[in-house]
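Topology and contacts: notes
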Amino acid sequence: MREFKEITPEQFVHSPFQILDKEWMLITAGKDEKTNTMTASWGGFGVLWNKNVAYIFIRPTRYTKEFVDHSDSLSLSFFDPSYKKQLGYLGRVSGRDVDKIKESSLTVIKTDDGTPYFEEAKMTLFCKKLYAQELKPECFIVDGLDEKNYPLKDYHTMYVVEIERILVEA
C-alpha cells in the first residue's frame, strides 16, 4: 500500500489551471456500498464563507451525480501523467453500463467515514458538500457561452465543497 501524508490547505500550492485543465481530476462518491467516479476538468479552488473550498460542476446526465447527490462527502483525486489513459476512459464510459473502475485497474480505498478515493492518486482532497445550484441559461452574461457549452441544454450543477483534508503521496 502506498504511503500518504496529510497537508493543510495552505500547503496546497498547485496551479488550478494546470491540475484541472491539463491533468484532470476524478470526482468520486459512494452510495449504498457502491462507488462511482468521473473525470472532470472544470472547477476551481478558493475561500468562501470563511472556508477553504473547491467548486465542481456535474452535468445531470452523469451517473456520478446520483452518487454525489446521495452523499455528504466526496473526494477529488489527482494523478501523475502516466494515468491519463485511465482518466480518459473514466470520463468516456458510464458506470451505469460497465464497472468502469474495475476496468480502469484503479484501486478504491475508503476513509474511516466511508469516503472513497484511489490508492494510485498522487493527491486527494476530501470534501464535504456545502451548496449545490443548477446553472441557469438566464444567468449567462456573455453572449454565446450558453449556446457553445450547452447545445443540449444539459446545464451543470455547481457544487461548493469544503476541503476538510488533503493527502499527498509521501
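Everything here concerns the structure above.
Criteria and cut-off values
Residues numbered from 1 in each chain as written. Predicted model: local features only at pLDDT ≥ 70, side-chain atom pairs only at ≥ 80, totals over all residues. Heavy atoms only, no water. Helix = DSSP H or I, 4+ residues; strand = E, 2+ residues; numbered from the N terminus. Polar contact = N/O pair within 3.5 Å; in protein donor to acceptor, adjacent residues only side chain to side chain. Contact = heavy atoms within 4.5 Å. Core = buried A, V, L, I, M, F, W, Y, C linked by side-chain atoms within 4.5 Å. Buried < 20%, exposed > 50% of the residue type's maximum accessible area, 1.4 Å probe, protein only. Salt bridge = Lys/Arg side-chain N within 4 Å of Asp/Glu carboxyl O. Patch = residues over 30% accessible without salt bridge, like charges linked within 9 Å, V, L, I, M, F, W, Y side chains within 5 Å. Areas by Shrake-Rupley, 256 points an atom, 1.4 Å probe, with all protein chains shown as cover.

1. With respect to the side chain of Thr 124
Of note, Thr 124 is situated in strand β9 (residues 123–134). Of note is the side chain of Thr 124, whose polar atom sits 3.4 Å from the side chain of Ser 77. When near neighbours in sequence (up to four residues on either side) are disregarded, Thr 124 contacts Ser 75, Leu 76, Ser 77, Tyr 117, Arg 165, Ile 166 and Leu 167.

2. Structural notes on the nonpolar core
Ile 27, Leu 74, Leu 76 and Leu 125 are the most contacted members of the largest nonpolar core, which has 26 residues in total. When contributions to this core are tallied by element, the ones reaching two or more residues are α1 (16–22), β2 (25–31), β3 (34–40), β5 (51–58), α2 (63–70), β6 (73–78), β9 and β10 (157–169). Take this core: its biggest share by element is five residues, from β10. Excluding residues within four positions of it along the chain, Leu 74 makes contact with Ile 27, Thr 28, Ala 29, Ile 56, Val 68, Thr 115, Leu 125, Phe 126, Cys 127, Lys 129 and Val 161. Membership of the second largest hydrophobic core comes to nine residues, among which are Phe 79, Leu 90, Ile 101 and Leu 106.

3. Describing the pattern of salt bridges
Enumeration over the complete set of coordinates arrives at 11 salt bridges. The closest approach of N and O atoms between Lys 22 and Asp 21, which form a salt bridge, is 2.8 Å. Residue Lys 22 is classed as partly exposed on the basis of its relative accessible area, which comes to 48%. For Asp 21, a relative accessible area of 43% translates into the label partly exposed. The salt bridge partner of Glu 162 is Lys 51, with a shortest N-O separation of 3.8 Å.

4. Let's talk about a nonpolar patch on the surface
Taken together, Ile 141, Val 142 and Leu 145 make up a surface patch of nonpolar side chains, about 320 Å² in accessible area. Relative to the helices and strands, Ile 141 resides in the loop between β9 and α5 (145–149). Residue classification places Ile 141 among the exposed positions, given a relative accessible area of 80%.

5. So, the environment of Cys 139
Inspection of the secondary structure assignment puts Cys 139 in the loop between β9 and α5. Put simply, Cys 139 and Ser 94 are 45 residues apart on the chain and 29 Å apart in space, counted from C-alpha to C-alpha.

Interpretation note: all reported values are geometric properties and have no functional meaning in isolation.
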